[in-house]
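One-letter residues, chain by chain:
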Amino acid sequence: MGFRVVLAADNAGVQYKDAIKEMLSGDERIDEVIDVGVGSADDAEAYPHLAVAAARKIAAGEADRGVFVCGTGMGVAISANKVPGVRASTAHDSFSVERLVLSNNAQVLCLGERVIGKQLALRLASEFFDYTFDPSSASAEKVDAICSYEPTN
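Parameters at a glance
Residues numbered from 1 in each chain as written. Predicted model: local features only at pLDDT ≥ 70, side-chain atom pairs only at ≥ 80, totals over all residues. Heavy atoms only, no water. Helix = DSSP H or I, 4+ residues; strand = E, 2+ residues; numbered from the N terminus. Rg over C-alpha atoms; globule rule 2.2 N^0.38 Å. Contact = heavy atoms within 4.5 Å. Phe/Tyr/Trp six-rings, centres within 6.5 Å; stacked < 30°, edge-to-face > 60°. Lys NZ or Arg CZ within 6 Å of the ring centre and 35° of its normal. Core = buried A, V, L, I, M, F, W, Y, C linked by side-chain atoms within 4.5 Å. Buried < 20%, exposed > 50% of the residue type's maximum accessible area, 1.4 Å probe, protein only. Arc of directions from axis to C-beta. Polar contact = N/O pair within 3.5 Å; in protein donor to acceptor, adjacent residues only side chain to side chain. Axes fitted to C-alpha atoms, helices over the stretch in contact; angles between N-to-C directions. Parallel < 35°, antiparallel > 145°, perpendicular 65-115°, else oblique. Left-handed = near helix turned anticlockwise from the far one by under 90°. Pairing = 2+ DSSP bridges.

Visitor: Sorry if this is basic, but what is going on with the overall build of the protein here?
Guide: Assigned secondary structure in the protein consists of six helices and five strands. Scanning the protein from its N terminus toward the C terminus, one meets helices and strands in the order β-α-β-α-β-α-β-α-β-α-α. Computed over the C-alpha atoms, the radius of gyration of the protein is 14 Å, within 12% of the 15 Å expected from 2.2 N^0.38 for a compact globule of 153 residues. Projected onto its principal axes, the C-alpha coordinates of the protein cover approximately 45 × 35 × 30 Å. In the protein, the proportion of contacts linking residues at least 24 apart, taken out of those at least 6 apart, comes to 69%.

Visitor: Got a minute to help me understand the packing of aromatic side chains in this structure?
Guide: For any pair of aromatic rings, geometry is given as the distance between the ring centres together with the angle between the planes. Using the criterion set out here, one finds two aromatic pairs in the structure. When the ring of Phe128 is compared with that of Phe129, the centres are 5.2 Å apart and the planes differ by 70°; the resulting orientation is edge-to-face. Taken together, the ring pairs connect Phe3, Phe128 and Phe129 into an aromatic cluster. Lying over the aromatic face of Phe128, Arg65 brings its terminal NZ or CZ to 4.8 Å of the ring centre.

Visitor: Is there a simple way to think about the nonpolar core in this case?
Guide: Burial of nonpolar side chains together is a common tendency in soluble globular proteins. With 26 residues, the main nonpolar core has Ile20, Leu111, Phe128 and Phe129 as its most contacted residues. Of all the secondary-structure elements, those providing two or more residues to this core are strand E1 (3–9), helix H1 (14–25), strand E3 (65–70), helix H4 (94–102), strand E5 (108–112) and helix H5 (118–127). Once residues within four sequence positions are removed from consideration, Leu111 is found in contact with Ile20, Val67, Phe68, Val69, Cys70, Thr72, Gly73, Ala91, His92, Ile116, Ala121 and Leu124. By size, the runner-up hydrophobic cluster in this structure holds 22 residues, among which are Ala55, Ala80, Val83 and Val86.

Visitor: How do you make sense of H4 when you look at a structure like this?
Guide: Residues spaced three or four apart along an α-helix face the same direction, because each turn holds 3.6 residues. Taken as a whole, H4 has its buried residues at Val97, Leu100 and Val101. Considered in projection along H4, the buried side chains sweep an arc of 85° and stay on one side of the axis. Where the residues of H4 are buried, they touch E3, strand E4 (88–90), E5 and H5. Where H4 begins, one side-chain oxygen reaches toward the backbone nitrogen of Phe95, 3.2 Å away; that side chain belongs to Asp93.

Visitor: Please explain the packing of H1 against H5 as it appears in this structure.
Guide: For any two helices packed against each other, the geometry is given by the interaxial angle and the distance between the axes. Packing of H1 against H5 leaves a shortest axis separation of 10 Å and a crossing angle of 45°. Taken together, H1 and H5 sit at an angle that is classed as oblique. The crossing of H1 and H5 is right-handed. Every residue of H5 that contacts H1 at Tyr16, Ala19, Ile20 and Met23 is listed here: Lys118, Ala121, Leu122, Ala125 and Ser126.

Visitor: How do you make sense of the sheet that holds E1 when you look at a structure like this?
Guide: Picture the strands of a sheet paired through backbone hydrogen bonds; they go either parallel or antiparallel. Here we have five strands laid out as an open sheet, ordered E2-E1-E3-E5-E4, and parallel in their pairing. A strand with exactly one partner marks an edge of an open sheet, and here the two such strands are strand E2 (30–35) and E4. Between one strand and the next, the sheet's axes are offset by a mean angle of 20°, whatever the strand orientation. Relative to E5, E4 is paired through three bridges, and the arrangement is parallel. Looking across to E5, one finds that Ser89 is bridged to Leu109.

Function cannot be read off these values alone, since they describe shape.
This is the structure:
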């Protein structure tokens, strides 16, 4: 079974989002790509709304992972982390992408179109799906600690 991936970007990240979408659509590890927008650089919808909408799909079990893009990656990461159960972070190098999953069981990789080159963004987005969190690892206790700080309903 492959990943169901949700993508989100504002107008500062739409070009990379679209390139990542094209790449992932042909990736055998990916079963479904869900694009919550924006659809063009002319769409001025603010990144918090897009990142939260996409993160909610992960929290609801409609997607397994996400790749969110804005100018720096920081805004979409901060916004996505407001959704309980979602762990998102900006990562602009291979080691950080690896640790995002293996150490933090994060479901969302955030990238900055104004910070890194397109080929690096594509590489990191692909590498994000190379890793699976091991719930018996030493990191599991730390992930549980992170989750313990989330509000409960």
